[in-house]
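In case you want the letters, here they are:
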Amino acid sequence: MKSLWAPWRLEFVTKQKRRGCFLCAALKGPDEGKRLVIHVGQTCFCMLNKFPYNNGHLLIAPKRHKGRLDQLTEEEGLELLRMAGKMQNVLKKALKPHGFNMGFNFGQVSGAGLPGHLHLHIVPRWRGDTNFMPVLADVKVMPQSLDALRDCLKIHLKK
Ligand SMILES: [Zn+2]
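Residues numbered from 1 in each chain as written. Predicted model: local features only at pLDDT ≥ 70, side-chain atom pairs only at ≥ 80, totals over all residues. Heavy atoms only, no water.

Looking at this structure, I do not really get the overall build of the chain. What am I missing?
Looking only at helices and strands, the chain features five helices and five strands. Going through the 159 residues of the chain one by one, you find that 39% of them count as buried. Long-range contacts, defined here as pairs at least 24 residues apart, represent 63% of the contacts in the chain between residues at least 6 apart. Total accessible area on the chain stands at roughly 9700 Å², and carbon and sulfur atoms take up 57% of it. (Helix = DSSP H or I, 4+ residues; strand = E, 2+ residues; numbered from the N terminus. Buried < 20%, exposed > 50% of the residue type's maximum accessible area, 1.4 Å probe, protein only. Contact = heavy atoms within 4.5 Å. Areas by Shrake-Rupley, 256 points an atom, 1.4 Å probe, with all protein chains shown as cover.)

Here's what the structure looks like:
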């Protein structure tokens, strides 16, 4: 009998109701989330999702706490998309995924855990990554720790 290690699910379930914005906290520190921030631009930044759908799941957000796309400045909107392209290339080099899902969730009904601060999800996909585990048990088996992933992506960011 093999055991599956998925501690982030318990933390997600128990901490989800905690008040405050994890994106602002991660950007400003000294929150523990600060070490998940892997790239900071002029108006936007990128961090690892602490509760990933898949290995390499990144979030890109404006630095300002804004919840709607029409609240972004021209610079923020442009940098958000440009950073998405840059991070997609970093993920391609680092993890060699077969494809990507990218998108925004608006409103809790859509699955947005943090409605007040918009963020673009970048989720690398591999053929066969949708197996029975997430379907049956809401459990994902991650092949790489967040610390190892951060170090790996940072190496490719510098190239
Ligand atoms: Zn925020």
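Picking up after the structure, the text goes on.
Can you walk me through helix α3 (residues 74-95) in this structure?
An α-helical segment advances 3.6 residues per turn. Residues three or four places apart therefore align on the same side. Over its 22 residues, α3 runs 31 Å from end to end, which matches the ideal 32 Å to within 8%, given 1.5 Å per residue. Those residues of α3 that sit buried are Glu 76, Glu 79, Leu 80, Met 83, Ala 84, Met 87, Val 90, Leu 91, Ala 94 and Leu 95. Axial view of α3: buried residues confined to an arc of 145°, hence all on one face. Away from its buried face, by an angle of more than 90 degrees, α3 presents the exposed residues Glu 74, Leu 81 and Arg 82. As for α3, its buried residues are in contact with β1 (37-40), β2 (44-48), β3 (58-62), β4 (99-103), β5 (120-125) and α5 (146-158). (Expected span 1.5 Å × (residues − 1). Arc of directions from axis to C-beta.)

Could you clarify how one ought to interpret the pairing of β3 in this entry?
The side chains of a regular strand alternate between the sheet's two faces. Counted residue by residue, β3 has five buried out of five residues, so it is predominantly covered. With five bridges joining them, β2 and β3 adopt antiparallel strand pairing. Bridged to Cys 46 within β3 is Ile 60. Here β3 runs beside β5; their pairing, made up of three bridges, is antiparallel. (Pairing = 2+ DSSP bridges.)

Can you help me understand the sheet that holds β2 in this one?
Remark on secondary structure: sheet strands pair via backbone hydrogen bonds, oriented parallel or antiparallel. One open sheet accounts for five strands, arranged β1-β2-β3-β5-β4; its pairing is antiparallel. In the strand order of this sheet, the two ends are held by β1 and β4, each with one partner. For this sheet, the mean inter-axis angle between neighbouring strands, taken without regard to orientation, is 20°. In this structure, β4 lies alongside β5, joined through five bridges in antiparallel fashion. Bridge pairing in β5 links Gly 99 to Arg 125. Taken strand by strand, α3 contacts β1, β2, β3, β4 and β5, and its axis lies near 160° from that of β3. The sheet strands contacting α5 are β1, β2 and β3, and the helix crosses β1 at an angle near 25°. (Axes fitted to C-alpha atoms, helices over the stretch in contact; angles between N-to-C directions.)

What's the story with the coordination of the zinc ion in this structure? I'm lost.
A four-donor tetrahedral metal ideally has 109.5 degree angles, and a six-donor octahedral metal ideally has angles of 90 or 180 degrees. All of the protein donors around the zinc ion are Cys 21 (SG), Cys 24 (SG), His 65 (ND1) and His 117 (ND1); their distances to the metal are 2.0 to 2.3 Å. For the zinc ion, the four donor atoms in the first shell make angles of 103 to 116° at the metal, so the coordination geometry reads as tetrahedral. Each donor residue of the zinc ion lies on the same chain, and together they follow the pattern C-x2-C-x40-H-x51-H. Note that Cys 24 is positioned in helix α2 (residues 22-28) and His 65 in the loop between β3 and α3, a separation of 41 residues in sequence. (Donors = N, O, S within 2.8 Å, 3.2 Å for Na, K, Ca; no water. Tetrahedral: all angles 85-135°; square planar, octahedral: opposite > 155°, others 65-115°.)

Is there a simple way to explain the nonpolar core in this structure?
Grouped burial of nonpolar side chains is what soluble globular proteins tend to show. In terms of nonpolar packing, the biggest core is built from 32 residues, with Met 47, Leu 58, Ile 60, Met 87 and Leu 153 touching the most fellow members. Of all the secondary structure elements, the ones that give two or more residues to this core are α2, β1, β2, β3, α3, β5 and α5. Sorting elements by how many residues they give to this core places α3 first, with eight residues. With residues up to four places along the chain from it excluded, the contact list for Leu 58 reads Ile 38, Cys 46, Met 47, Leu 48, Asn 49, Met 87, Leu 91, Leu 120, His 121, Ile 122 and Leu 153. (Core = buried A, V, L, I, M, F, W, Y, C linked by side-chain atoms within 4.5 Å.)

Can you walk me through the packing of aromatic side chains in this structure?
Here a ring pair, both rings aromatic, is described through the centre-centre distance and the interplanar angle of the planes. Counted under the stated rule, the structure contains one aromatic pair. Between Phe 104 and Phe 106, the aromatic rings sit 5.7 Å apart at their centres with planes inclined by 20°, giving stacked as the arrangement. Relative accessible area serves as the criterion here: at 29%, Phe 104 is assigned to the partly exposed category. (Phe/Tyr/Trp six-rings, centres within 6.5 Å; stacked < 30°, edge-to-face > 60°.)

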